[in-house]
Amino acid sequence: NAGVTQTPKFRILKIGQSMTLQCAQDMNHNYMYWYRQDPGMGLKLIYYSVGAGITDKGEVPNGYNVSRSTTEDFPLRLELAAPSQTSVYFCASSYTSGARNGYTFGSGTRLTVV
Amino acid sequence: GENVEQHPSTLSVQEGDSAVIKCTYSDSASNYFPWYKQELGKRPQLIIDIRSNVGEKKDQRIAVTLNKTAKHFSLHITETQPEDSAVYFCAASMLGGGSNYKLTFGKGTLLTVNP
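Residues numbered from 1 in each chain as written. Chains lettered and ligands numbered in written order. Predicted model: local features only at pLDDT ≥ 70, side-chain atom pairs only at ≥ 80, totals over all residues. Heavy atoms only, no water.

It is worth spelling out the pattern of salt bridges at this point. Residue and element names in this part refer to chain A. Enumeration according to the criterion identifies six salt bridges over all chains in this entry. Of the charged contacts in the structure, one is a salt bridge between glutamate 59 and lysine 44, with a shortest N-O distance of 3.4 Å. Note that glutamate 59 is positioned in the loop between strand S6 (54-57) and strand S7 (64-66) and lysine 44 in strand S5 (residues 43-51), a separation of 15 residues in sequence. Glutamate 59 gets classed as exposed once you look at its relative accessible area, which sits at 51%. For lysine 44, a relative accessible area of 23% puts it in the partly exposed group. (Salt bridge = Lys/Arg side-chain N within 4 Å of Asp/Glu carboxyl O. Helix = DSSP H or I, 4+ residues; strand = E, 2+ residues; numbered from the N terminus. Buried < 20%, exposed > 50% of the residue type's maximum accessible area, 1.4 Å probe, protein only.)

This paragraph deals with the state of the cysteines. With the rule as written, the count across this model stands at two disulfides over all chains. Paired through a disulfide, cysteine 23 of chain A and cysteine 91 of chain A show a sulfur-sulfur distance of 1.9 Å. On the sign convention where negative means left-handed, the S-S torsion of about -70 degrees between cysteine 23 of chain A and cysteine 91 of chain A marks this disulfide as left-handed. Taken as a pair, cysteine 23 of chain A in strand S3 (residues 19-25) and cysteine 91 of chain A in strand S9 (residues 87-94) lie far apart in primary sequence, 68 residues in all. The exposure class of cysteine 91 of chain A is buried, given its relative accessible area of 0%. Between the sulfur atoms of cysteine 23 of chain B and its disulfide mate cysteine 90 of chain B the distance is 1.9 Å. (Disulfide = S-S within 2.5 Å.)

This part takes up the interface of chain A and chain B. Opposite the 25 residues of chain A that make contact, chain B presents 18 residues. Counting the surface lost from both chain A and chain B, the interface buries some 1700 Å², and carbon and sulfur atoms represent 58% of this. The largest share of the area that chain A buries against chain B comes from Leu43, Tyr103 and Phe105 of chain A, three residues that together contribute 29% of it. Residues that form the side of chain A that touches chain B fall into these classes: 14 nonpolar, 11 polar and no charged. (Contact = heavy atoms within 4.5 Å. Buried area = accessible area lost by both parts, 1.4 Å probe. Nonpolar A, V, L, I, M, F, W, Y, C, P; charged D, E, K, R; others polar.)

Residues and elements named next belong to chain A. Most of S5 is tucked away: seven of the nine residues are buried. Bridging between strand S4 (residues 31-37) and S5 involves six bridges; their strand directions are antiparallel. What sits directly across from glutamine 37, in S5, is leucine 43. Taking the residues between adjacent antiparallel strands as the criterion, S4 and S5 are bridged by five residues, where glycine 40 takes a positive phi near 75 degrees. (Pairing = 2+ DSSP bridges.)

Trp35 and Phe73 of chain B are the most contacted members of the largest nonpolar core, which totals 22 residues. Taken together, the elements giving at least two residues each to this core come down to strand S3 (19-25), strand S4 (32-38), strand S5 (45-51), strand S7 (62-67), strand S8 (72-77), strand S9 (86-92) and strand S11 (109-114) of chain B. Ignoring any residue separated from it by four or fewer positions in sequence, one finds phenylalanine 73 of chain B in contact with Ile21, Lys22, Cys23, Tyr25, Phe33, Trp35, Thr65, Leu66, Cys90 and Ala91 of chain B. Listed in part, the 20 residues of the second largest apolar core include Met27, Tyr64, Phe74 and Leu76 of chain A. (Core = buried A, V, L, I, M, F, W, Y, C linked by side-chain atoms within 4.5 Å.)

Quick look at the structure:
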């Protein structure tokens, strides 16, 4: 049982490049989330999904896209990377009701856009 | 949407002292309030949570209190130890009623426990 696995751990992108941050969970959680963490700003919700085929915007979705074709995977796509997207990105998952053990977070992806 | 304010942003205490971190929330529909601990370079991890039908919850040296009327909740750590040094985040959400269980986080408190 690996929990929530994120790849890559680190990445440097040039302005205008694109990339996909991978997230996979093996706990059969329905709910999955992408957050970004900037220094002193807490965690901001980018996108979330309540099940395969269903996604919705969070607080800061601009510049990002997601898909959820399976229960296990929830990739985050960055198109035309900008310096403002330099951040640490966390994927998380939870049971439907959140009644058990809260969110399980991945180990994060540290992205730098130069 | 929900807004969570967290204070203080930094807190320094001597080993053995108590630490208190306070949060306020804006949405009266929120009924679930977890606290996460994040050590440097690591992922956030749940340390304790409380539902709105409970006023206080304890787990060894940590406790959380909730005042629904005033819409604020607090984390209390007693007998602090150097390994308690970390960033602590409060969060709020609504569980049940078909909610999507989105957590809104506070901006975090950097707790430093000095030996």
